[in-house]
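# Structure assessment
Each chain is listed here by its residues.
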Amino acid sequence: GIDACVFTGSIKVGRAVQARCGALGIPSSIEMGGKDAAIVLADADLDRTVAGITHWALSNAGQACGAIEIAYVDNRIADVFVARLRDAWSRLKTVSSQGEIDVAPLANETQLQVVEAQVADALAKGAKLVHGGSRTGRGFGYVPTLLDQCNAKMSVVRDETFGPVLAIVRIEGVSDAVMAINEARYGLGASIWTSDFERAKRLASKLNVGIVTINNHAFTGAIPALPWSGTRETGFGIANSEHALLTYARPKAVVVDQSSAPEFFWMPYDKVLLELGHVLADAQIGKVLRAWKIPLGFRKRAATIRAFFRP
């Protein structure tokens, strides 16, 4: 009984919704999650980059499809970058003090267990715990967790975390980050942190994701004029912008013809119409020697049709 469907949720349910919409013949826009990454290049403004990545990794305790969950960091600045993140994250408030809190609790016990399992898997496979890695001791709170020396074998790099965890993957060259992002399950968004805007634009064109932001992340979801979309297991369809209109509206053409003359291609058919068809076809490919016959053919056809249907 509906004309269209917009869904945000898990891959399993999203695919079922997509299949049902296909069976019903209605348009759908399906978003099934994300695993957004940040690429931190050696020339990044570290003051802004540390602040920006902290916000986009931990806002809403990381429970956002556009949260930064992985940072691919140039190895030349990785030590400094990780140290600065550790210093900042150690001073964030996770327990309310007079109503002030930086990183809120997770939504429920199930999601908290998902986060704990991913952190445990990463540590078992060689990741270095830089900060966090434990519950706050109150409700579903989890200490902002920074994991260094991560790799693609770890669930925290492969799978959606949806929690206050950031996996650091050190890279020798930016091509490693581009390849990793393009081979990942999800393709919602990515960000590039650098002082070289032209280089960043070139890199952005190589990333197979829906949204790329340079020196910021994910805020475009709040800008109605800009499309919000994704690739691969993030889903398909577009939210926001004029590109999303076909999900929410059907185009309808209304044509008013005020002419009193019949159209030349209407019945009955005759040799004049056949010749006119050949002349028009020739004209479309540049053969115009017989083009003078077109207006004459139109007049003959109009007279023939009027005479045929006149009482």
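One numbering rule holds for all chains: residues counted from 1, following each sequence as written. The predicted nature of this model means local features are confined to residues of pLDDT at least 70 and side-chain atom pairs, given and counted, to a pLDDT of 80 or more, with totals for whole chains, interfaces and linings taken over all residues. Excluding hydrogens and water, the side-chain values take into account all heavy atoms of the structure.

### Here we look at the overall build of the chain
Helix and strand definitions here come from DSSP, where helices need a minimum of 4 consecutive H or I residues and strands a minimum of 2 consecutive E residues; each element is numbered from the N-terminal end. For the chain, the count of helices and strands is ten helices and 14 strands. Two things to know: the radius of gyration comes from C-alpha atoms, and the globule rule equals 2.2 Å times the number of residues to the power 0.38. At 30 Å, the chain has a C-alpha radius of gyration far larger than the 19 Å of a compact globule built from 311 residues. If one aligns the C-alpha atoms of the chain with their principal axes, the spans along those axes are about 95 × 45 × 35 Å. Only protein chains enter the accessibility calculation, which uses a 1.4 Å probe. A residue is then buried if its area is under 20% of the maximum for its type, exposed if over 50%, and partly exposed in between. The burial tally for the chain puts 41% of its 311 residues in the buried class. Summed over all atoms, the accessible surface of the chain reaches about 17,000 Å², with 57% contributed by carbon and sulfur. Across the chain, the 34 positively charged side chains and the 30 negatively charged ones have centroids separated by 9 Å. Note that accessible areas follow from Shrake-Rupley with a 1.4 Å probe, and for residues the cover is restricted to the protein chains shown. Asp and Glu are treated as the negative residues and Lys and Arg as the positive ones, with His and the ends of the chain left uncounted. Note on charges: their place is set at NZ of Lys, CZ of Arg, CG of Asp or CD of Glu.

### Section: the layout of surface pockets
Within this scheme a cavity is a closed region of a 1 Å grid, computed over the protein atoms alone, that accommodates a 1.4 Å probe without allowing it to escape, whereas a pocket is open but has protein on both sides within 12 Å along at least five of seven lines; lining residues each have an atom within 4 Å of a point. Grid points are joined across faces, edges and corners, and a volume is the space filled by probe spheres set on the points. Counted as a void, the largest pocket has a volume near 300 Å³. Y72, N151, A152, V157 and A180 are, among the 16 residues lining the largest pocket, the residues nearest its centre. Elements with a minimum of two residues in the lining of the largest pocket: β4 (68-74), α5 (155-158), β7 (165-171) and α6 (174-183). Residue contributions to the lining of the largest pocket peak at five residues, all from α6.

### What to know about the packing of α6 against helix α7 (residues 197-206)
When two helices pack together, their arrangement is captured by the angle between the axes and the distance separating the axes. Close contact between α6 and α7 brings their axes to 10 Å; oriented N to C, the two are set at 30°. Relative to α7, the element α6 lies roughly parallel. Of the two possible hands of crossing, α6 and α7 adopt the one that is right-handed. Contacts between α6 and α7 involve V174, V178 and N182 from the former and R199, L203 and K206 from the latter. When residues are grouped by polarity, Ala, Val, Leu, Ile, Met, Phe, Trp, Tyr, Cys and Pro land in nonpolar, Asp, Glu, Lys and Arg in charged, and all others, Gly among them, in polar. Residues belonging to the contact of α6 with α7 are distributed by class as follows: three nonpolar, one polar and two charged. In this analysis, axes come from line fits to C-alpha atoms, helices being fitted only over the stretch in contact, and the angle between any two N-to-C directions falls in the range 0 to 180 degrees. In what follows, roughly perpendicular refers to angles from 65 to 115 degrees, roughly parallel to angles under 35, roughly antiparallel to angles over 145, and oblique to any angle outside these ranges. For any helix crossing, the convention is left-handed if the near helix is rotated counterclockwise from the far helix by under a right angle, and right-handed if that rotation is clockwise. Residue contacts are counted whenever heavy atoms from the two residues lie within 4.5 Å of one another.

### Some remarks on the sheet that holds strand β13 (residues 235-236)
Two strands in a sheet stick together by hydrogen bonds in their backbones, pointing the same way (parallel) or opposite ways (antiparallel). Spatially, β1-β2-β13 is the arrangement adopted by the three strands of the open sheet, whose pairing is mixed. Whereas interior strands pair on both sides, the edge strands pair on one side only; in this sheet they are β1 (5-8) and β13. Between any two strands, pairing holds if DSSP finds at least two bridges. The pairing of strand β2 (residues 28-31) with β13 spans two bridges and is classified as antiparallel. Across the sheet, the residue bridging to E31 is G235, located in β13. Here helix α1 (residues 11-24) sits on the sheet and contacts β1, β2 and β13; the angle it forms with β1, its principal contact strand, is near 170°.

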